[in-house]
Amino acid sequence: MPLENQPGTAENRKLEGDPVGRSPRAIPVSLYTPEERQRRDSSVWTLVQGVLAPVQFLVFLVSLALVLRYFGTGEGAFAADASIVVKTLTLYTIMITGSIWEKVVFGKWLFAPAFFWEDVFSMLVLALHTAYLVMLFAGLGTTGERMGVALAGYAAYIVNAGQFLWKLRMARLQGTGTSESQPRLAVAR
C-alpha cells in the first residue's frame, strides 16, 4: 500500500501547508519580544547570570573530578563531599538570581514560556542536589550511594546546561539575524 496522502507522511504534511512537519496549529515565535530583549539587555541580573554560569561550571568540573577520584580509588570522600556542597550552593545561588532575572525580563519568577522546559529540568537538578544534602547531613545511605545521587544530579545539570546554552545560541542568532533568518521556537496555540 503506497504511503501517498496518508496521515503523518511528508507528502500529506506538505498538502496541509506544513512543510517541516510541525502541527498546523504551531506558530513561530521569537525567544524575546522587543520589550523583553530591552529589559534583558539593561538588567544587571543578565550580567550576574553571565558571571555565575561559568563559575558554576568550573566548580562542577572540579567536583566531578573529586567524585570520580573517590569512585576510582575509594579515597577523598571528604574533599568530594565538600566540593558537592560548594557546587550545590552555587546552584542555589544561580537559581535564585536566575529567578530574579526571569521576573525582571518576563514578569514571572519561574516557568516563563520562553524558558519553561529549562526551568522544569532545573527543578530536577535542584531536587537531586537537595537529596544529596539531605543524605549528607542526615547521615542517610552509604558514601557511595550519596555520591551516586550527586552524579545523577551532575548528569541532570549537564542536560540543563545544554538547554540553556542552546537558548543562549538562539538568542544571539535572533539578535543578529534578519527576520528571514531568525531561528524560531514553535509554540502551540
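That block above? That's the structure.
We now turn to the structure provided with this report. Numbering of residues begins from 1 in every chain and follows the order in which that chain's sequence is written. Local features in this predicted model are restricted to residues of pLDDT 70 or higher, and side-chain atom pairs are both shown and tallied only at a pLDDT of 80 or more, whereas totals for entire chains, interfaces and linings draw on every residue. Only hydrogens and water are removed before side-chain values are computed, so all heavy atoms of the structure are retained for them.

1. A few points about the overall build of the chain
Then, in step 1: What counts as a helix is a DSSP run of H or I of at least four residues, what counts as a strand is a run of E of at least two, and both are numbered from the N terminus. Broken down by element type, the chain carries six helices and two strands.
Then, in step 2: For the chain, the α and β elements follow one another from N to C terminus as α-β-α-α-α-α-α-β.
Then, in step 3: Among the 189 residues that make up the chain, the fraction classed as buried is 34%.
Then, in step 4: The contact definition used throughout considers only heavy atoms, calling two residues in contact when any of these lie within 4.5 Å. Taking the intrachain contacts of the chain between residues at least 6 apart in sequence as the baseline, contacts between residues at least 24 apart amount to 68%.
Then, in step 5: With an accessible surface of roughly 11,100 Å², the chain has 68% of that area assigned to carbon and sulfur atoms. For every residue, the accessible area obtained with a 1.4 Å probe (protein chains only) is divided by the maximum for its type, and the residue is called buried under 20%, exposed over 50%, and partly exposed between those limits. All accessible-area figures derive from a Shrake-Rupley calculation using a 1.4 Å probe, and residue coverage is judged against the displayed protein chains alone.

2. Considering the layout of surface pockets
Then, in step 1: Here a cavity means grid points, on a 1 Å grid over the protein atoms only, where a 1.4 Å probe fits yet cannot get out; a pocket means an open set of points with protein on both sides within 12 Å along at least five of seven lines; lining residues are those with an atom within 4 Å of a point. Grid points are joined across faces, edges and corners, and a volume is the space filled by probe spheres set on the points. In this structure, the largest pocket spans a volume of roughly 920 Å³.
Then, in step 2: Lining the largest pocket we find 33 residues, and of these Gln-49, Ala-53, Ile-94, Phe-164 and Leu-168 sit closest to its centre.
Then, in step 3: Listing elements by their share of the lining of the largest pocket, those giving two or more residues are helix 2 (34–42), helix 3 (44–73), helix 4 (77–106), helix 5 (116–138) and helix 6 (143–176).
Then, in step 4: The element best represented in the lining of the largest pocket is helix 6, accounting for ten residues.
Then, in step 5: Considered class by class, the residues forming the lining of the largest pocket number 18 nonpolar, nine polar and six charged. For this classification, Asp, Glu, Lys and Arg are treated as charged, while Ala, Val, Leu, Ile, Met, Phe, Trp, Tyr, Cys and Pro are nonpolar and the rest, including Gly, are polar.

3. Observations concerning the packing of helix 2 against helix 4
How two helices pack is summed up by the angle between their axes together with the distance between the axes.
Then, in step 1: Structural elements are reduced to axes, namely lines fitted to C-alpha atoms, with helices fitted over the stretch in contact, and the angle between N-to-C directions of any two is expressed from 0 to 180 degrees. The interhelical angle for the contact between helix 2 and helix 4, taken along N-to-C directions, is 135°, at an axis separation of 8 Å. Our classification of the angle between helix 2 and helix 4 gives oblique. Contacts between helix 2 and helix 4 involve Glu-36, Arg-39 and Arg-40 on the former and, on the latter, Trp-101, Val-104, Val-105 and Phe-106. Put simply, angles under 35 degrees are roughly parallel, angles over 145 are roughly antiparallel, angles from 65 to 115 are roughly perpendicular, and the rest are oblique.

4. So, helix 3
Then, in step 1: Residue count minus one, scaled by 1.5 Å, sets the expected span of a helix. Spanning 30 residues, helix 3 covers 44 Å between terminal C-alpha atoms, matching the ideal 44 Å at 1.5 Å per step.
Then, in step 2: Taken residue by residue, helix 3 has Gln-49, Gln-56, Val-59, Phe-60, Ser-63, Val-67 and Tyr-70 as its buried positions.
Then, in step 3: At the N-terminal end of helix 3, a side-chain oxygen is found 3.0 Å from the backbone nitrogen of Trp-45, two or three residues along, and the residue is Ser-43.
Then, in step 4: Immediately beyond the C-terminal end of helix 3, within one or two residues, lies Gly-74, with a positive phi of roughly 80°. Polar contact criterion, stated in full: a pair of N or O atoms within 3.5 Å, where within protein one must be able to donate a hydrogen and the other to accept it, and residues adjacent in sequence count only if both atoms are side-chain atoms.

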